[in-house]
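Inside the fold
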Amino acid sequence: PQLVGAFDSERSEMKRDVRILLLGEPKVGKTSLIMSLVGEEFPELVPLRAEEITIPADVTPEKVPTHIVDYSVTEQSDEVLREEIVKANVVKYVYGCRSYSDLRSGSSMESILPIMNQFSEIETCVECSAKNLKNISELFYYAQKAVLHPTAPLYDPEDKQLKLQCVRALSRIFSISDQDNDHILSDAELNCFQKLCFGNPLAPQALEDVKTVVWKNTSDGVQDNGLTLNGFLFLNTLFIQRGRHETTWTILRKFGYDDTLDLTDDYLYPPLRVSVGCSTELNHLGHQFLQKLFDKYDEDKDSALSPAELKNLFSVLPYMPWGPEVYSNVSLSDDNYISQHGYFCQWMLSAYLDVHRCLEHLGYLGYPILMERESQTSAVTVTREKSFDLEKRQTQRTVFLCKVIGPRGTGKTDFLQAFLHLFVILLYKILHERDPGPPTIYAINTVSVANQDKYLIEVDVETEFLKTADAACDVACLMYDVSDPDSFNYCASIYKQHYMDRGIPCVVVGSKADLIEAKQHHGMSPSEFCYKHRLPSPLHFSTLLTHTHTHIYSKLTWAAMYPHLNGSDMSSTSFWLRVTLGATIAAMLGFALYRAFSRHK
């Protein structure tokens, strides 16, 4: 008989090969077992030790290359033994039954069961005979299975129940598979799950048989003719108890889990190369997945996510990825919930600022499984380099970064809040002595440009840049306080230090435009400064003059989209008249050439 014990491997992903080490006292039959497996007959001459053999993947049940290593105490040292144990994935301990197990009648399993119960590392015990070729293939199959589908991470044999880590993993899988969020796997959802994990749906009778088994053995495993979470957990417990733990492992690995029941790095962090000058955006596949997710968890169908609904949406993550600052980053519903529009904006912000963290979140939420894609990188578009956009004088980007720069007290926070139409809400909270929440650093919203919705990210920049890279953006909004005569000096200084020779478009905005305008102490007025440096004329902003807001944000987005026009006064009517007139003249010339060509023919 053989005692088979699995060892933890340095590799957490699905094993690419299996290394089996045979140990035992001299002359118990270790080498004979190996030679009987390879030669398919009992060897007449048995060496002291068999050389290491490799069984190719295509002839093993699990389609994994298997290395079988023999050990001889007479030929090898204890140091070699230690090295081999470290390298092994599984150890088979061979012992003889009364020294002549081939001739022994009956079974020795009764005597070994107490030992197996005492040591949880022992996966299984198999009675075999090299001479009679009894259970030889099965012996090595179980050794392979002990490595590829270990029982220890899943199940506690003493308590006869799933381990906590296994319950957590299967609960996440259940939640992702419950596509309508009714806490029950319907027949359609079960078949979708079955097809996803095993390639084929269940036959109608097989589906009913599964539910019948669960119903007979649990009090709450079946509800409304569907499988509950408790029923799903019971079913997997049953698989393991019946020695079919490879079924549970197939499910776990399909959903990204490794041998320690953690999601693998390959699953959570698929490689995505983003070159310098490129940006990252969620594409139509990402939007499609996130829309399904929103519809699933918007239980009251009010096109917004309440705090409870948002918590449920992210319940499959080990932490809450969106903190309270999200309520200052995006537009909200009338109930101060995350609106559907704000939900997509926050995801766009996440993909732009930290795409690898965004991919991690999509992985936890089950994007590759539900969208049937190799990885969540298919949800992201890496834009072409900005230098190429400048060369072509057009861009395919939909997300642009605007840095709002100005001295303290200028009103940058109000400017960001007004972009989200949150200023009235913020004012209401302050007047009613409620906590307005953390100050906003980012604000993201859509701006319609040429009948296309573009995302504009505004970021409130610290008063002093730490390094030149801090100035990088698609457009800089240089903000000064019209009522403070020293305010514009800072904007002029920042422009000359960081933007004058970099080709980044700049827009000057005078805040607090409802107050009396003071003469700036700078050597020239803001208008004169803009004229000299070929910048658009200064725009004016006030929280009280709401009709000016859309105009300003549109101009910032235009500047970001068309940086090659930096220096043209895009705020003036004459600029747009020139663009329109140019298009008209081009069309007339084209028509004239067409007529001339027609006459020539």
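Residue numbering note: each chain is counted from 1, following its sequence as written. Totals for whole chains, interfaces and linings use every residue, but because this is a predicted model, local features are given only for residues with pLDDT of at least 70 and side-chain atom pairs only at 80 or more, for both listing and counting. Where side-chain values are given, they derive from all heavy atoms of the structure, hydrogens and water being excluded.

Looking at an unreviewed UniProt entry, the chain carries the name Mitochondrial Rho GTPase, with the source organism given as Sinocyclocheilus grahami. UniProt positions are given in the numbering used here, feature names are shortened, and annotations may be inferred rather than shown by experiment. Regarding the chain, the UniProt comment filed under Subunit (unreviewed entry) reads as follows: "Homodimer." Per UniProt, the chain has the following entry under Subcellular location (unreviewed entry): "Mitochondrion outer membrane".

Looking only at helices and strands, the chain features 23 helices and 20 strands. Buried means the residue's accessible area, taken with a 1.4 Å probe over protein chains only, is under 20% of the maximum for its type, while exposed means over 50%, and partly exposed covers the values in between. Looking at the chain as a whole, 47% of its 601 residues qualify as buried. Here, two residues are considered to be in contact whenever any of their heavy atoms come within 4.5 Å of each other. For the chain, the proportion of contacts with a sequence separation of at least 24, taken over those separated by at least 6, is 69%. All accessibility values rest on the Shrake-Rupley procedure with a 1.4 Å probe; residue burial counts only the protein chains present in the view. Looking at the chain as shown, the accessible area adds up to about 31300 Å², and 53% of this sits on carbon and sulfur atoms. Counting from the N terminus, the helices are DSSP H or I runs at least four residues long and the strands are E runs at least two residues long.

It is worth spelling out the nonpolar core at this point. Judged by nonpolar contacts, the single largest core of 97 residues is most densely connected at Tyr343, Trp347 and Tyr499. At 8 residues, the largest contribution of residues to this core is made by helix H14 (residues 340-353). Listed in part, the 26 residues of the second largest apolar core include Cys402, Leu420, Val507 and Leu556. Buried residues of nine kinds, namely Ala, Val, Leu, Ile, Met, Phe, Trp, Tyr and Cys, make up a nonpolar core once their side-chain atoms join them within 4.5 Å.

On to empty space enclosed by the protein, then. Grid spacing is 1 Å over the protein atoms alone, the probe is 1.4 Å, and a cavity is where that probe fits but cannot get out, while a pocket is an open set with protein on both sides within 12 Å along at least five of seven lines and lining residues have an atom within 4 Å of a point. Grid points are joined across faces, edges and corners, and a volume is the space filled by probe spheres set on the points. Under the counting rule described, the total for this entry stands at 5 cavities of 30 Å³ or more. The volume enclosed by the largest cavity comes to roughly 90 Å³. Every residue lining the largest cavity is counted, 13 residues in all, and those nearest its centre are Asp389, Thr395, Ala560, Met561 and Pro563. Breaking the lining of the largest cavity down by element, the ones donating at least two residues are helix H17 (386-392) and helix H22 (549-561). If you tally residues by element for the lining of the largest cavity, the top one is H17, at 3 residues.

Attention now goes to the pairing of strand E16 (residues 442-449). Two strands pair under a simple rule: DSSP has to find at least two bridges between them. Here E16 pairs with strand E17 (residues 452-460) via 8 bridges, running antiparallel. Its bridge partner lying in E17, Asn445 is registered against Leu456. Counting the residues between successive antiparallel strands, the hairpin from E16 to E17 contains 2 residues, one of them, Ala450, with a positive phi of roughly 55°.

On to the pattern of salt bridges. In the sections that follow, a salt bridge refers to a side-chain nitrogen of Lys or Arg positioned within 4 Å of a carboxyl oxygen of Asp or Glu. All chains considered together, the criterion is met by 14 salt bridges. We note a salt bridge from Glu84 to Arg19, for which the minimum N-O separation is 3.3 Å. Taken together, the residues span a long stretch of sequence, with Glu84 in helix H2 (residues 78-87) and Arg19 in strand E2 (residues 18-24) at a distance of 65 residues. We note that Glu84, like Arg19, is buried. Within this structure, Arg384, Lys386, Asp389, Arg397 and Asp474 form a network of salt bridges that share partners.

Looking now at the environment of Tyr327. Within the secondary structure, Tyr327 is located in helix H13 (residues 326-329). Separated by 116 residues in the primary sequence, Tyr327 and Ala443 have C-alpha atoms spaced 9.8 Å apart.

Looking at the element boundaries, Asp474 is found in the loop between E17 and strand E18 (475-481). A residue is classified by how much of its surface remains accessible, and Asp474, at 4% relative accessible area, is buried. Polar contact is the term for a pair of N or O atoms within 3.5 Å; when the atoms are in protein, one must be able to donate a hydrogen and the other to accept it, and sequence-neighboring residues count only if both atoms are side-chain atoms. Side-chain polar atoms of Asp474 contact the side chain of Lys386, separated by 3.2 Å. For Asp474, the side chain forms a polar contact with the main-chain nitrogen of Leu401, separated by 2.7 Å. If we ignore the near neighbours within four places in the chain, the residues touching Asp474 are Tyr352, Lys386, Arg397, Val399, Phe400, Leu401, Ile504, Pro505 and Ala560.

Next up on the list: the UniProt feature "domain: EF-hand" (unreviewed entry) in the chain. When the UniProt feature table is mapped to this numbering, "domain: EF-hand" (unreviewed entry) covers residues 285-320. Helix makes up 56% of residues 285-320 and strand 6%. Its end C-alpha atoms lie 23 Å apart.

pLDDT expresses, on a scale from 0 to 100, how confident the predictor is about each individual residue. Chain-level statistics for the chain give a pLDDT mean of 85 and a share of 84% at 70 or above. For the stretch residues 99-104, pLDDT sits under 50, and the model shows 8 contacts to residues farther than four places along the chain or on other chains.

Residues with no salt bridge and a relative accessible area higher than 30% make up the patches, which join like charges within 9 Å and nonpolar side chains (Val, Leu, Ile, Met, Phe, Trp, Tyr) within 5 Å. Positive charge is attributed to Lys and Arg, negative charge to Asp and Glu, and no charge count is given to His or to the chain ends. The atoms used to mark charge sites are NZ of Lys, CZ of Arg, CG of Asp and CD of Glu. Taken together, Glu299, Asp300, Asp302, Asp334 and Asp335 make up a surface patch of like negative charges. Inspection of the secondary structure puts Asp300 in the loop between helix H11 (284-297) and strand E12 (304-305). Overall, Asp300 belongs to the partly exposed group, its relative accessible area being 48%.

Here we come to the packing of aromatic side chains. Side-chain rings of Phe, Tyr and Trp, where Trp is taken by its six-membered ring, are said to pair if the distance between their centres is within 6.5 Å; with planes under 30 degrees apart they count as stacked, over 60 as edge-to-face, and otherwise as tilted. Per the stated rule, a full pass over the model turns up 17 aromatic pairs. Between Tyr495 and Phe529 the ring centres are 5.7 Å apart and the planes differ by 80°, which places this aromatic pair in the edge-to-face class. Separated by 34 residues along the polypeptide, Tyr495 in helix H20 (residues 487-499) and Phe529 in helix H21 (residues 526-532) bring together distant segments of the chain. With respect to burial, Tyr495 and Phe529 carry one shared label: buried.

What follows is about the environment of Leu164. Within the secondary structure, Leu164 sits in helix H5 (residues 164-177). For the pair Leu164 and Leu154, spaced 10 residues apart in sequence, the C-alpha to C-alpha distance is 8.5 Å.

Turning our attention to unusual backbone geometry. Non-glycine residue Glu372 carries a positive phi angle of around 55°. Positive phi, normally seen in glycine, also occurs at Lys512, with a value near 55°. The residue Lys512 is located in the loop between strand E19 (506-511) and H21 in this model.

In this structure, Thr228 sits in the loop between strand E10 (226-227) and helix H8 (229-241). Relative accessible area serves as the criterion here: at 8%, Thr228 is assigned to the buried category.

Let's shift gears to the pairing of E17. Within E17, 7 of the 9 residues are buried, which leaves the element mostly enclosed by the surrounding structure. When strand E15 (residues 399-405) meets E17, the two strands line up parallel, connected through 6 bridges. Looking at the pairing, Phe400 lines up with Leu456 of E17.

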